[in-house]
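# Reading the structure
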Amino acid sequence: MESKYLTPGVMTGLGKSAGRVAALPGDFGGIAGVLHGLCIHEFLTGMYGVDKVDTSTVHLRRAEDLLDTIGEPLDVAREPGDRMATNCRGFTVLAVAMLRAHGVPARARCGFGGYFNPGFWVDHWVVEYYEDGRWKRGDAQLDGVLLAEFKIDFDPDDLPDGQFLTGGEAWELFRRGGADPDTFGLGDTGAGDWWIAGNLVRDVAAMDNVEALPWDCWDPMPKPSESFDYQLFDHLDTTKVPDTVYNAVRDRVEPFR
């Protein structure tokens, strides 16, 4: 299984930047630290004192293109206003590509973060990487600024159970009655079962080394607020949520009900 996530995929090849990446740190924390100095989340610029950025770069799909846009050097942090605008998926794809280049099995996971807005699960992507004999989840986007802003007190390099749910985990918890679908979504785009189903499909694609953009949609993803066949997604979902995750999510959600 781990070997499948060592080879670059269509989105995680480095192209001519392979040599530059080889000279960077090869562990998740080191790579995340590098990315913090090169990239900025398009929706969170104000937290860094930046008023406006070029957001056209959020549509770049491949790690190779993202690195070409960042340019030289990769090992020197830029001022926040000079960083490339991207989103959680961009941070994740770059980290996955760099980890694989250093021989660390890694894959992107699409789902929902529970640490941005209490009582709500925000559309989000994180890295899953194999280290110390197990798969760990790390959030490559969380730097010191964001940890303080969102009052996050856990290690972003090794997310505790129940802090992030993949699309499949969120779907199973919803179907088991352990999660309210209207607490899954993203800002003005809304929330609901359709959001969970969409991220389930995106996560299945990511597990097959196709990391779509967060707004890519295709059949059988439902449209916002439309009714759809839950059983189709039950068959698509192969997730088995451990009791530790289920209980952690339940403990997080109960106080806000």
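The notes below deal with the structure included here. (Residues numbered from 1 in each chain as written. Predicted model: local features only at pLDDT ≥ 70, side-chain atom pairs only at ≥ 80, totals over all residues. Heavy atoms only, no water.)

Once that is clear, we can look at the overall build of the protein chain. Each helix and strand counted, the protein chain has nine helices and seven strands in total. Taken over the C-alpha trace, the protein chain has a radius of gyration of 18 Å; the compact-globule value for 257 residues is 18 Å, and the two agree within 12%. C-alpha extents for the protein chain along the principal axes are approximately 50 × 40 × 35 Å. In the protein chain, buried positions account for 55% of the 257 residues. Taking the contacts inside the protein chain whose residues are at least 6 apart along the sequence as the reference set, 72% of them involve residues at least 24 apart. Just so you have it, the protein chain exposes about 11,400 Å², and 51% of that area is on carbon and sulfur atoms. With 24 positive and 42 negative side-chain charges, the protein chain shows a separation of 2 Å between the mean positions of the two kinds. (Helix = DSSP H or I, 4+ residues; strand = E, 2+ residues; numbered from the N terminus. Rg over C-alpha atoms; globule rule 2.2 N^0.38 Å. Buried < 20%, exposed > 50% of the residue type's maximum accessible area, 1.4 Å probe, protein only. Contact = heavy atoms within 4.5 Å. Areas by Shrake-Rupley, 256 points an atom, 1.4 Å probe, with all protein chains shown as cover. Lys, Arg positive; Asp, Glu negative; His and termini not counted. Charge placed at Lys NZ, Arg CZ, Asp CG, Glu CD.)

In terms of burial, helix H2 (residues 28-36) is largely enclosed, as seven of its nine residues are buried. All buried positions along H2 are accounted for by Phe28, Gly30, Ile31, Ala32, Val34, Leu35 and His36. Summarising the contacts, the buried residues of H2 are in contact with strand S1 (39-41), helix H4 (88-101), strand S4 (120-131) and strand S5 (134-138).

Right, let's get into the nonpolar core. One broad trend across soluble globular proteins is that nonpolar side chains are buried collectively. Grouped together as the largest cluster of nonpolar side chains are 34 residues, with contacts concentrated most on Leu35, Leu67, Ile70, Leu94, Leu99 and Val127. Looking at this core, the elements that each hand over two or more residues are H2, helix H3 (63-70), H4, strand S3 (106-117) and S4. With nine residues, the top contributor of residues to this core is H4. Excluding anything up to four places from it in sequence, Leu35 contacts Phe91, Leu94, Ala95, Met98 and Ala140. (Core = buried A, V, L, I, M, F, W, Y, C linked by side-chain atoms within 4.5 Å.)

Time to look at the pairing of S3. Each regular strand shows side chains that alternate between the opposite faces of the sheet. Buried residues dominate S3, accounting for 11 of its 12 residues. The pairing of S3 with S4 spans nine bridges and is antiparallel. Its bridge partner being in S4, Cys110 is matched across the sheet by Trp125. The antiparallel hairpin formed by S3 and S4 contains two residues in its connecting segment, where Gly119 sits at a positive phi of about 85 degrees. (Pairing = 2+ DSSP bridges.)

This part takes up the pattern of salt bridges. Tallied over the full model, the rule gives 15 salt bridges. Ionic pairing is found between Asp216 and Arg61, a salt bridge with its closest N-O pair at 2.6 Å. Note that Asp216 is positioned in the loop between helix H7 (193-207) and helix H8 (230-236) and Arg61 in the loop between S1 and H3, a separation of 155 residues in sequence. Classification of Asp216 by relative accessible area gives buried; the value is 14%. The partner of Asp234 in a salt bridge is Arg175, with the nearest N and O atoms 2.7 Å apart. Highlighted residues: Asp234 in helix H8 and Arg175 in helix H6 (residues 167-175), separated in sequence by 59 residues. Given the relative accessible area of 38%, Arg175 is considered partly exposed. Bridged by salt links that share partners, the residues Arg107, Arg109, Glu128, Arg137, Glu169 and Asp203 form one connected network. (Salt bridge = Lys/Arg side-chain N within 4 Å of Asp/Glu carboxyl O.)

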